Amino acid sequence: MKTPIGTYAVVRGVPRTFDQAITPTGPVEPIDVPLAREQHFAYCSALEAAGLRLIRIESDDRFPDCVFVEDTAVVAGEKVVVAAMAPESRSGETAAVERRLRDFMDVHRIEAPATLDGGDVLRIDDRIFVGLSERTNGQAAEQLRSILGPDGYEVTEVGVRDVLHLKSACTHVGDDLILWRPGYLEEEAFGAYRKIVVPEDEPHAANCVSVNGRVLIPAGAPETRAKLHEHGCTLIEIEISEARKAAGLLTCSSIIL
Ligand code: CIR
């Protein structure tokens, strides 16, 4: 299977304040910050094992959610589109990411009143799916279209319901194959793709990182793991219990360039 290709992964450390991260699905068990750091270390090692060089950004204790760097920017070709995150506590996270990437990428920005989280943006080759969620609005999709359309990217809006982000319910494995949680996204947008249906008791497994012939899959998803295995995927299993308490999944903690 032809999986997406990547050279670099932007990652950001787990701040000391991670136990104050936003919990959009309501109160959860307390987050164990040292354990979150161990899990993040294993995640970074798995990205390296998949052949990616890491671009590290220091964590910042002012931003409890800053490890979820995916939400801060969308990358396509030479361009980085800096996001406009709606939650007040997260809006300051983008500055450090922009500073780190501007030396080698062409910087664009999503401007208010548009709001966008990178977790709502799924790129499959030259198609960009933008989830219209509680975090991302139609104006943001429109702005992405005018920034990336001239480079040949086709931007498609997708209705999202009952999950945080588009990528909470769908990610790309390779070729025309996607992981899919039925019932949360407008299905017509994905009519051209073959779907591995993720069972409702493994919801976190709809969000995997597939790159350079490896698929990072979260622990605790035996059925999805078996299905990916049947499709010939080489899997790396990662425990992300602490990130999940803050609604973080595998893609959230990196931006792959
Ligand atoms: C938030 O609510 O913004 C964070 N606690 C979780 C963000 C997860 N990011 C992602 O799925 N891309």
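Residues numbered from 1 in each chain as written. Predicted model: local features only at pLDDT ≥ 70, side-chain atom pairs only at ≥ 80, totals over all residues. Heavy atoms only, no water.

Topic: the overall build of the protein
Logical step 1: When you go through the protein residue by residue, the secondary structure sums to five helices and 15 strands.
Logical step 2: Principal-axis analysis of the C-alpha atoms gives the protein an extent of 45 × 45 × 35 Å.
Logical step 3: Among the 257 residues that make up the protein, the fraction classed as buried is 55%.
Logical step 4: The contacts of the protein with a sequence gap of at least 6 include a subset with a gap of at least 24, amounting to 68%.
Logical step 5: For the protein, the computed accessible surface area is about 11,100 Å², with 48% contributed by carbon and sulfur atoms.
Logical step 6: Taken as two groups, the 27 positive and 41 negative side-chain charges of the protein have centres that lie 4 Å from each other. (Helix = DSSP H or I, 4+ residues; strand = E, 2+ residues; numbered from the N terminus. Buried < 20%, exposed > 50% of the residue type's maximum accessible area, 1.4 Å probe, protein only. Contact = heavy atoms within 4.5 Å. Areas by Shrake-Rupley, 256 points an atom, 1.4 Å probe, with all protein chains shown as cover. Lys, Arg positive; Asp, Glu negative; His and termini not counted. Charge placed at Lys NZ, Arg CZ, Asp CG, Glu CD.)

A word on the packing of aromatic side chains
Logical step 1: Inspection of every chain in the model, using the stated rule, returns five aromatic pairs.
Logical step 2: An aromatic cluster is defined as three or more aromatic residues linked by ring pairs; in this entry it consists of Phe 129, Trp 180, Phe 190 and Tyr 193.
Logical step 3: Residue placement shows Arg 181 over the ring face of Tyr 184; its charged tip is 4.3 Å from the ring centre.
Logical step 4: A cation over a ring is seen here: Lys 195 above Trp 180, with NZ or CZ 5.2 Å from the ring centre. (Phe/Tyr/Trp six-rings, centres within 6.5 Å; stacked < 30°, edge-to-face > 60°. Lys NZ or Arg CZ within 6 Å of the ring centre and 35° of its normal.)

What about the pairing of strand β13 (residues 214–218)?
Logical step 1: With four of its five residues buried, β13 lies for the most part within the structure.
Logical step 2: Where strand β12 (residues 209–211) meets β13, three bridges bridge the pair, whose relative direction is antiparallel. Bridging across to β13, Val 209 finds its partner in Leu 216.
Logical step 3: Direction of pairing for β13 relative to strand β14 (residues 234–238): parallel, over a ladder of five bridges. Bridge assignment links Pro 218 to a residue of β14, and that residue is Ile 238. (Pairing = 2+ DSSP bridges.)

A few points about the sheet that holds strand β6 (residues 121–124)
Logical step 1: As summarised here, the arrangement of the three strands in space is β6-β7-β8, forming an open sheet in which the pairing is mixed. Each end of this open sheet is capped by a strand with a single partner; those strands are β6 and β8 (154–159). Mean inter-strand twist for the sheet, computed between neighbouring axes without regard to direction, equals 25 degrees.
Logical step 2: Across six bridges, the pairing between strand β7 (residues 127–132) and β8 is parallel. Looking across to β8, one finds that Phe 129 is bridged to Thr 156.
Logical step 3: Its contacts with the sheet put helix α3 (residues 138–148) on β6, β7 and β8, and the angle it makes with β8 is roughly 165 degrees. (Axes fitted to C-alpha atoms, helices over the stretch in contact; angles between N-to-C directions.)

Purely geometric stuff here, so don't read any function into it on its own.
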